[in-house]
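These are the residues of each chain, in order.
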Amino acid sequence: MISKQNLDIFLGKYLGKNRLDIQIELSDEIDILDKRYKKDELDDEAKNYRTYGGEFLFFLNTVVVPANIGISGLKDFLPIITELVNRGDLPATVLVPFGIVPNEF
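Right, let's walk through the structure included here. Source: prediction; values computed, not measured.

Relative to the elements of secondary structure, Gln5 occurs in helix α1 (residues 4-14). Taking the C-alpha atoms as reference, Gln5 lies 20 Å from Ile71; in sequence the two are 66 residues apart.

This is the structure in structure tokens:
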């Protein structure tokens, strides 16, 4: 599970950005963390941040709920997901697994 502090950092970085910008910036961030991981330079908090960030990037790229963190882990990113739906960057149907029925139905 991602810590509250790391989640706040993550949300602070990516709220207010469009889907493409998030995909580009998060991909770069994950690449940096992967390099540090290979050198065994990440503590458990950073490893969790990398895992959750990577799973969220997978979701943005595929619009599929990631198996590792599932819907419960993806709920942590609901503020960003909702914002992206409101911008039209994600289809409203992505909210259904969260129990949110979009008005478009």
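Next comes the rest of the write-up.
Grouped together as the largest cluster of nonpolar side chains are 29 residues, with contacts concentrated most on Phe56, Phe77 and Ile81. Of all elements in the fold, only α1, α2 (19-38), α3 (44-62) and α5 (78-87) reach the threshold of two or more residues within this core. When residues of this core are assigned to their parent elements, the largest contribution, seven residues, is made by α3. Setting aside residues no more than four positions away along its own chain, Phe56 makes contact with Phe10, Ile22, Leu26, Leu74, Phe77, Ile80 and Ile81.

One non-glycine residue, Asp40, lies in the positive phi region at around 60°. Residue position: Asp40 is located in the loop between α2 and α3. The phi torsion at Val63 lies on the positive side, around 60°, for a residue other than glycine. Its relative accessible area of 30% is what places Val63 among the partly exposed residues.

Counted under the stated rule, the structure contains seven aromatic pairs. On the numbers, 6.5 Å between centres and 45° between planes, the contact of Tyr52 with Phe77 is tilted. Highlighted residues: Tyr52 in helix α3 and Phe77 in the loop between α4 (70-74) and α5, separated in sequence by 25 residues. One aromatic cluster is present, formed by Phe10, Tyr14, Tyr49, Tyr52, Phe56, Phe59 and Phe77 through successive ring pairs.

Calculation notes
Residues numbered from 1 in each chain as written. Predicted model: local features only at pLDDT ≥ 70, side-chain atom pairs only at ≥ 80, totals over all residues. Heavy atoms only, no water. Helix = DSSP H or I, 4+ residues; strand = E, 2+ residues; numbered from the N terminus. Core = buried A, V, L, I, M, F, W, Y, C linked by side-chain atoms within 4.5 Å. Buried < 20%, exposed > 50% of the residue type's maximum accessible area, 1.4 Å probe, protein only. Contact = heavy atoms within 4.5 Å. Phe/Tyr/Trp six-rings, centres within 6.5 Å; stacked < 30°, edge-to-face > 60°.

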